[in-house]
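Tertiary structure, described
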Amino acid sequence: MSSLVPSNSFIFTNTNRRNHNKIPQFNKLVVFAAASLSTAESLDLKENPRSLQAQRFVDRIKASPLKERIDIFDSIKKDGTNWSVSDFNDLLMALVMLNEQETAVKFFSEASSYGLAPNSWTFSIMIRCYCNKNDFFEARKVIDCMFDNGYHPNVTTFTILVNSLCKSGRLKEALEVLDQMGRIGCKPNIQTYNCLLKGFCYVGRVEEAYEMLMNVKNDGLKPDVYTYTAVMDGFCKVGRSNEAMELLNEAIERGVTPNVVTFNTLFNGYCKEGTPVKGVGLLELMKKRNCLPDKISYSTLLNGLLKWGKIRPAVSIFKEMVRFGFEVDERMMNSLLRGLCMQSWEEKDLLEDAYQVFEKMTKKVSVTDPGTYGIVIRTLGKGKKTDEALIHLHHAIEMGHIPRTITFNNVIQALCGEGKIDKALLLLFLMYEHGKIPSRTSYDMLITKLDQLEKSYDACALYGAALKQGVIPQRKPQD
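Residues numbered from 1 in each chain as written. Predicted model: local features only at pLDDT ≥ 70, side-chain atom pairs only at ≥ 80, totals over all residues. Heavy atoms only, no water.

**Quick look at the overall build of the protein chain**
Put simply, the rule reads: Per the convention used, a helix needs a DSSP run of H or I reaching at least four residues, while a strand needs a run of E reaching at least two, with both numbered from the N terminus. Per-residue accessibility, obtained with a 1.4 Å probe over protein chains only, is compared with the maximum for each type, and a residue is labelled buried under 20%, exposed over 50%, and partly exposed between these values. Residue contacts follow a heavy-atom distance rule, with two residues in contact if any of their heavy atoms lie within 4.5 Å. In these tables, accessible area is a Shrake-Rupley quantity obtained with a 1.4 Å probe, and a residue counts as shielded only by the protein chains included in the view.
Secondary structure assignment for the protein chain yields 25 helices and zero strands. Buried positions account for 48% of the 479 residues belonging to the protein chain. The long-range share in the protein chain, meaning contacts at least 24 apart out of those at least 6 apart in sequence, stands at 64%. A total of about 23600 Å² of accessible surface is found on the protein chain, and carbon and sulfur atoms cover 51% of it.

Put into structure tokens, the structure is as follows:
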């Protein structure tokens with residue numbers, strides 16, 4: 001789930017600034033930063049919104065080397081004698097945005113040296129700062145300090161802390177913060193509950209998450225897509241995807257529009273539980289609701305179908321991915337190709353699909369897995385595509401992948417079946433050249449075919465060659 005509190009929710013929103021006949025202090029910071037970074041691009045302070053100026057200030061600092069950052073902030077701090085608390089807060093928040101948390105802590109400790117007393121906004125920034133550092137003890141100390149100074153944190157400030165605690169698996173502390181909110185009359189909003197629901201599910205307490213969802217609805221709050229997705233994810237992680245599906249249906253009935261993350265959660269659940277075919281139906285529902293599947297949707301579903309041996313639906317998903325321009329990684333293509341090849345030995349109509357996948361692989365990626373080459377060659381041989389089998393066998397050898405004896409046997413058998421005895425014999429000699437000793441099966445097939453063609457001399461010669469290799473064929477040439 002994406003961050004519940006936008007990164008700029010507290011930034012540069014104070015409009016109670018002193019109005020002087022000079023550039024406001026924050027604008028001076030931006031101009032100073034622009035000059036210090038020696039950029040040709042100028043800032044139009046009259047036309048740009050203040051928030052845009054702030055972001056550009058942060059972006060410029062981010063792009064500067066560490067030493068220049070330090071010099072810039074040192075110079076700005078020296079110019080702080082006429083700051084208001086709002087000016088101070090602006091720079092403090094910029095430091096937090098830049099992930100300069102230690103510098104922000106030090107700067108906060110120097111507030112009194114500028115003749116400034118922190119306000120509610122200052123404390124809120126520092127709570128965010130300590131949460132970014134995962135220093136929750138200090139963050140809660142800042143909450144206490146706010147109360148000591150007569151300020152009450154608002155629901156957004158509390159939610160920042162709750163969210164950070166839940167992400168770190170510190171659910172007990174997050175619930176303590178929730179109790180604290182209740183004691184001061186600060187009513188949690190749906191974003192607060194969303195954090196807690198995800199926190200419950202993160203530690204496997206799914207039943208409690210579901211109970212909280214029921215309470216949220218009873219209290220008159222309207223669950224949003226993140227609410228439902230959090231609990232659905234919890235159900236899927238403990239093998240209860242059917243219950244997650246029930247929640248999806250409830251969300252839709254309540255007018256909540258599921259997003260791609262919601263559907264991906266269910267795809268993942270079904271595939272883990274061994275029911276990926278349900279995901280195929282879910283994909284259709286997803287498209288009917290005009291929610292476009294992304295690469296994660298397709299990849300999760302394809303991987304699940306392959307894992308559980310559902311080759312036919314996997315082929316359909318693969319073709320759909322290709323049609324919509326999604327790349328399929330080499331590992332999954334290899335798995336699909338292997339599955340298609342083996343299933344095509346019994347279900348001949350899949351041979352063409354297998355060959356198409358193989359052709360696509362050879363065009364887009366380098367097929368480096370010897371096992372993949374071997375199984376494709378065997379499949380082509382079994383499917384009476386002996387010319388293609390020979391082409392790819394030679395290609396595999398050129399790439400240094402010498403097929404297994406069983407692969408050679410399959411192609412020899414297919415060639416013999418088609419009466420291509422000369423090509424079959426050449427393949428036998430190819431085995432010799434690359435250090436492969438033909439098996440008794442290879443010799444038996446060739447001797448049998450030569451006898452059928454009444455080539456007794458060739459059959460006897462081949463039998464003798466086998467004996468020299470230490471192989472005793474079961475089939476003796478006919479007299």
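Following the structure, the description resumes.
**Regarding the pattern of salt bridges**
Under the convention used in this document: Take a side-chain nitrogen of Lys or Arg and a carboxyl oxygen of Asp or Glu: if they are within 4 Å of each other, that pair is a salt bridge.
The tally for this structure, following the rule as stated, stands at 21 salt bridges. Salt-bridge contacts for E110 lead to K106; the nearest nitrogen and oxygen are separated by 2.7 Å. Owing to a relative accessible area of 48%, K106 belongs among the partly exposed residues under this scheme. For E138, the salt bridge identified is with K141, shortest N-O distance 3.6 Å. Of the two residues, E138 and K141 both sit in helix α7 (residues 136-148), three residues apart, roughly one turn of that helix. Among the residues examined, K141 registers a relative accessible area of 41% and is labelled partly exposed. The network of salt bridges with common partners includes D387, E418, K420 and K423.

**Topic: the packing of helix α22 (residues 405-417) against helix α24 (residues 440-452)**
Applied cut-off: What counts as an axis is a line fitted to C-alpha atoms, over the stretch in contact for a helix, and the angles between N-to-C directions run from 0 to 180 degrees. Angular relationships are summarised with four words: roughly parallel below 35 degrees, roughly antiparallel beyond 145, roughly perpendicular across 65 to 115, and oblique for the angles in between. Charged means Asp, Glu, Lys or Arg here, nonpolar means Ala, Val, Leu, Ile, Met, Phe, Trp, Tyr, Cys or Pro, and polar covers whatever is left, Gly included.
Two numbers describe how α22 lies on α24: the axes approach to 9 Å, and their chain directions differ by 10°. On the basis of their axis angle, the class for α22 and α24 is roughly parallel. When α22 is examined against α24, the residues N409, I412, Q413 and C416 are found in contact with a partner set consisting of T441, S442, M445, L446 and K449. For the contact of α22 with α24, the residue count by class is four nonpolar, four polar and one charged.

**A closer look at the packing of aromatic side chains**
Note the following rule: Any pair of Phe, Tyr and Trp rings, taking the six-membered ring for Trp, is counted once the centres come within 6.5 Å. Such a pair is stacked with planes under 30 degrees apart, edge-to-face with planes over 60 apart, and tilted for the rest. Criterion for a charge above a ring: Lys NZ or Arg CZ within 6 Å of the ring centre, and within 35 degrees of the ring normal.
Taken as a whole and assessed by the stated rule, the structure comprises ten aromatic pairs. Geometrically, the ring pair formed by F123 and Y151 is tilted, given 6.1 Å between the ring centres and 55° between the ring planes. Placement of the pair is F123 in helix α6 (residues 120-132) and Y151 in the loop between α7 and α8 (155-167), with a sequence separation of 28 residues. A relative accessible area of 26% means that Y151 is categorised as partly exposed. Here the aromatic residues F88, F107 and Y114 are joined through ring pairs into a cluster of three or more. When the ring centre of F324 is taken as reference, the NZ or CZ atom of R323 above it lies at 5.3 Å. Across the ring face of W345, the terminal group of K382 is positioned such that the distance to the ring centre comes to 5.1 Å.

**Here we look at the nonpolar core**
How we decide: To qualify as a nonpolar core, a set must consist of buried Ala, Val, Leu, Ile, Met, Phe, Trp, Tyr and Cys residues joined through side-chain atoms within 4.5 Å.
Judged by nonpolar contacts, the single largest core of 130 residues is most densely connected at L161, L196, L266, I412, L427 and L446. Counting residues per element, this core draws most heavily on α6, at eight residues. Non-local contacts of L196, meaning those with residues more than four positions away in its chain, are made with V162, C166, L171, A174, L175, L178 and M212.

**Topic: helix α15 (residues 276-288)**
To be explicit about the condition: Multiplying 1.5 Å by the helix residue count minus one yields the expected span of that helix. Note that the arc is computed from the directions linking the helix axis to the C-beta atoms.
Here α15 is 13 residues long and its end C-alpha atoms lie 19 Å apart, about the 18 Å a rise of 1.5 Å per residue gives. Restricting attention to buried positions, one finds in α15 the residues P276, G279, L282, L283 and M286. Buried residues along α15 cover an arc of 110° about the axis, so they all sit on one side. Buried positions along α15 lie against α13 (241-253), α14 (260-272), α16 (295-307) and α17 (311-323).

**Observations regarding the packing of α6 against α8**
Running from N to C, α6 and α8 cross one another at 5°; their axes reach a closest spacing of 10 Å. On the basis of their axis angle, the class for α6 and α8 is roughly parallel. Across the interface between the two elements, S124, I127, R128 and C131 of α6 pack against T157, I160, L161 and S164 of α8. Along the lines of polarity and charge, the residues of the contact of α6 with α8 split into four nonpolar, three polar and one charged.

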